[in-house]
Amino acid sequence: MKKWPIGVFASVDAGLGVKLEVVEELKIPTIHLHAPHQNTRTPEVAKEFAAKLSEIGTQISVVFGGFEGESYADIPTVTKTVGLVPPETRAERTREMLEIADFARLLGVDVVALHLGFVPHEKSDPMYADIVAVTRQICDHCGSNDQRLHLETGQETAEALLQFIAEVDRDNLFINFDPANMILYGSGQPIEALRKVGRFVRSVHCKDAKWAANPGKEWGAEVPVGQGDVNFEQFLATLKDIGYDGPLTIEREIPQDPARQKAEISQAVDVLTRLKSKLQIG
Ligand code: MG
């Protein structure tokens with residue numbers, strides 16, 4: 001495959017990604033797949049699904065875990081509901097994540113990823129050690145499947161993320177870098193953060209956003225690629241500098257408006273194609 005193939009975040013029956021019909025229509029060669037619901041994560045479904053993807057000519061580069069009850073309504077809700085951080089659901093979601101890794105393996109996919117949630121910023125917080133432990137458990141399970149685990153960026157500053165990765169200390173733990181999340185959560189300038197964590201970046205989301213008036217307290221606003229504060233030309237130039245050569249996976253989370261979602265993804269493909277050629281990539 002060429003360097004930096006353009007992909008999209010897609011979903012089948014769960015999650016916010018775009019539907020496979022759009023992947024087919026726009027002839028997108030590579031996707032991140034939001035893990036389907038538990039009852040459809042079976043060998044039979046994996047086989048059917050792999051056949052469908054090969055028919056439409058697309059490959060999955062990453063399977064993303066996601067869980068019932070997660071909500072991205074605002075920052076406090078994310079803290080309470082997302083990922084492996086909320087203690088009430090941690091054991092069950094960890095178990096589910098291992099199952100998602102096994103489903104990804106059935107699909108022949110060697111990367112799984114997730115939003116861990118808001119990891120406590122202080123190492124002295126007792127929850128910090130617990131989250132390090134479950135992350136190790138998932139990394140080790142992925143390792144036994146010959147898979148890597150990618151952590152979605154956004155909730156942490158670059159420094160906090162580097163410290164967390166060092167603490168987990170597993171050689172199959174990497175980063176899915178989402179520049180828009182840095183802005184949405186108010187956790188740092190995305191380009192600067194990308195330079196800091198670049199050596200761990202093995203997949204990316206091409207998503208754009210505008211800063212909130214009070215970053216970190218209020219949400220920023222997600223907008224179409226090229227219309228926000230990320231600066232995609234700089235983002236791509238920085239990816240080039242750090243030697244990134246994986247897909248550019250477009251993420252646009254407006255499933256309530258599929259027509260607009262499709263149109264904006266198609267425009268994002270154009271924006272990225274133009275920038276790739278400007279930077280002489282591909
Ligand atoms: Mg993302």
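Residues numbered from 1 in each chain as written. Predicted model: local features only at pLDDT ≥ 70, side-chain atom pairs only at ≥ 80, totals over all residues. Heavy atoms only, no water.

Our focus in this paragraph is the overall build of the chain. A count of helical and extended segments in the chain gives 10 helices and 10 strands. Taken over C-alpha atoms, the radius of gyration comes to 18 Å for the chain, in line with the 19 Å a tight globule of 282 residues would show. Reported as C-alpha extents along the three principal axes, the dimensions of the chain are approximately 45 × 45 × 35 Å. A total of 282 residues make up the chain; the buried ones form 54% of that total. A separation threshold of at least 6 residues defines the contact pool for the chain, and within that pool the share at least 24 residues apart is 73%. In the structure as shown, the chain presents an accessible area of about 12200 Å², 50% of it carried by carbon and sulfur atoms. (Helix = DSSP H or I, 4+ residues; strand = E, 2+ residues; numbered from the N terminus. Rg over C-alpha atoms; globule rule 2.2 N^0.38 Å. Buried < 20%, exposed > 50% of the residue type's maximum accessible area, 1.4 Å probe, protein only. Contact = heavy atoms within 4.5 Å. Areas by Shrake-Rupley, 256 points an atom, 1.4 Å probe, with all protein chains shown as cover.)

It is worth spelling out the sheet that holds strand β3 (residues 59–64) at this point. One closed barrel accounts for 8 strands, arranged β1-β2-β3-β4-β5-β6-β7-β10; its pairing is parallel. Averaged over all neighbouring strand pairs, the angle between strand axes comes to 30°, with direction disregarded. When strand β4 (residues 111–114) meets strand β5 (residues 148–152), the two strands line up parallel, connected through 4 bridges. Counted as the bridge partner of leucine 114 is leucine 151 from β5. Contacts between helix α5 (residues 126–144) and the sheet are confined to β4, β5 and β6 (173–177), with β5 contributing the most and set at about 140° to the helix. Sitting on the sheet, helix α9 (residues 232–241) is in contact with β6, β7 (201–206) and β10 (248–250), with an inclination near 165° to β7. (Pairing = 2+ DSSP bridges. Axes fitted to C-alpha atoms, helices over the stretch in contact; angles between N-to-C directions.)

Donor atoms from the polypeptide that coordinate the magnesium ion comprise Glu152 (OE), Asp178 (OD), His205 (ND1) and Glu251 (OE), at 2.0 to 2.2 Å from the metal. Of the residues examined, histidine 205 reaches a relative accessible area of 0% and is grouped as buried. (Donors = N, O, S within 2.8 Å, 3.2 Å for Na, K, Ca; no water.)

Right, let's get into the side chain of asparagine 145. Topologically, asparagine 145 is positioned in the loop between α5 and β5. A distance of 3.1 Å separates polar atoms of two side chains, one belonging to asparagine 145 and the other to arginine 105. Ignoring any residue separated from it by four or fewer positions in sequence, one finds asparagine 145 in contact with Ala101, Asp102 and Arg105. (Polar contact = N/O pair within 3.5 Å; in protein donor to acceptor, adjacent residues only side chain to side chain.)

The subject of this paragraph is unusual backbone geometry. One non-glycine residue, tryptophan 4, lies in the positive phi region at around 55°. Non-glycine residue glutamine 280 carries a positive phi angle of around 55°. Along the chain, glutamine 280 falls in the segment after α10 (258–278). Classification of glutamine 280 as exposed rests on a relative accessible area of 70%.

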